[in-house]
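# Descriptive analysis of the structure
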Amino acid sequence: MEILDGRQRSQELTELYTQAVEKLKKVSVTPKLVVITVGEDPASFVYVRQKKRRAEAVGMDFEWVTLGDETSQEELEATIDKFNDDSKTSGIIVQFPLPNHLSESRAMDRIAIEKDVDGFHYYNAGLLVAGKAEFKPCTPKGILNLLEAHDIDVAGMDAVVIGRSQIVGMPIAIDLIHHNATVTVCHSRTKDLKFHTQRADLIVVAIGNAHMLDASYIKEGTILIDVGINRLDDGKLVGDVDYEDVKDKVKAITPVPGGVGPMTVAMLMEQTILAAIRQHGLDSREFLG
Ligand code: NAD
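Residues numbered from 1 in each chain as written. Predicted model: local features only at pLDDT ≥ 70, side-chain atom pairs only at ≥ 80, totals over all residues. Heavy atoms only, no water.

With that settled, consider the sheet that holds strand β8 (residues 223-226). Ordered by their spatial adjacency, six strands build an open sheet running β1-β11-β8-β7-β5-β6, and the pairing between neighbours is parallel. Edge positions in the sheet fall to β1 (2-3) and β6 (182-186), since each of these pairs with one other strand and no more. As defined by bridge partners, strand β5 (residues 158-162) adjoins strand β7 (residues 202-205) across four bridges and the pair is classed as parallel. Looking across to β7, one finds that Val-161 is bridged to Val-204. Here helix α7 (residues 169-178) sits on the sheet and contacts β5, β6 and β7; the angle it forms with β5, its principal contact strand, is near 170°. (Pairing = 2+ DSSP bridges. Helix = DSSP H or I, 4+ residues; strand = E, 2+ residues; numbered from the N terminus. Contact = heavy atoms within 4.5 Å. Axes fitted to C-alpha atoms, helices over the stretch in contact; angles between N-to-C directions.)

If you want it as structure tokens, here you go:
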């Protein structure tokens, strides 16, 4: 059984990004990531702190804009516009979830497409479908990067994606198709989940249901990508997969924590660097190889 170690891979990438930022600074370009949060969702704060730590580690500028719970849609959009117009800001993300009175899709689509480093804007989502994405959602991009780093070629594989969210399930399904996998997308209305998962060579599970996928769902030798992040009552973080139950049956698996999560943050760094490179008319090969 092979552990697909996202922490180690993201560490390697951090070194590459640090060098890229150093080279960019020599031509007077410092990539800058702006993260906007609304309210005080504790899980979001943990994620933003991880992004801040990584941004500082690679040497880029980072600004965390915290808006109060009562912020209106107009105020949120005015804040996004301010950074859209700021020439020093390379990338902007709005950390979800937003309070219920705010529209996440309106926030996503307000970000300038050239600063949309989360890849959620409908224009960038359209480019992903067309196979011409400049910015992809970071979690799917990180999953494919991790698979490639382990020489796992998904071409021809029967892949099952569980979950169809705009930020994980849907874009990973599309990207797997572009990488020549045969893809089935399952979700909460799927009639017989096991029928699909038991014949899959590769399963990507992104539902947010602790330990749901046990050994009875999979065939011998499958590759399991566990996107889920669930906090148990005792504070422990676990995925959607029952790791102990499946570990002797899989060919490869991502741990939680330490699998997909660090890769998501790494891809955010890469896309912010790419945004800065493009905004200054530079050649990405010179900086990122
Ligand atoms: P979401 O709630 O938007 O979507 C969940 C999806 O799961 C839905 O499409 C739903 O149809 C499907 N689903 C729910 N129950 C199901 C069931 N019993 N059987 C089949 N399908 C079912 O969630 P999301 O934003 O896509 O996130 C999913 C999980 O991934 C969460 O735990 C989230 O915290 C985690 N996540 C992790 C990362 C990371 O970097 N590791 C990034 C994003 C999200």
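Within this structure, the stated rule accounts for one cavity of 30 Å³ or more. If you trace the largest cavity, you find it lined by Ile-92, Ile-93, Val-94, Phe-96, Ala-107, Met-108, Ile-111, Asp-116, Asp-118, Phe-120 and His-121. Breaking the lining of the largest cavity down by element, the ones donating at least two residues are β4 (91-94) and α4 (104-110). The biggest single contributor to the lining of the largest cavity is β4, with three residues. When grouped by side-chain class, the residues that make up the lining of the largest cavity number eight nonpolar, one polar and two charged. (1 Å grid on protein atoms, 1.4 Å probe; cavity = no way out; pocket = protein on both sides within 12 Å on 5 of 7 lines; lining within 4 Å. Points joined across faces, edges and corners; volume = space filled by probe spheres on them. Nonpolar A, V, L, I, M, F, W, Y, C, P; charged D, E, K, R; others polar.)

Attention now goes to the site of the ligand. Taken together, 20 residues form the shell around the ligand, and within it Arg-164, Ser-165, Ser-188, Val-227 and Thr-264 come nearest. One of the backbone nitrogen or oxygen atoms of Ser-188 is found 3.0 Å away from an oxygen atom of the ligand. Contacts to the ligand include Ile-229, whose backbone N or O atom sits 3.1 Å from an oxygen atom. Taking 860 Å² as the accessible area of the ligand by itself, protein coverage stands at 70%. Considering each element in turn, the shell around the ligand owes the most residues, three residues, to helix α10 (residues 260-279). (Near = heavy atom within 4 Å. Polar contact = N/O pair within 3.5 Å; in protein donor to acceptor, adjacent residues only side chain to side chain. Areas by Shrake-Rupley, 256 points an atom, 1.4 Å probe, with all protein chains shown as cover.)

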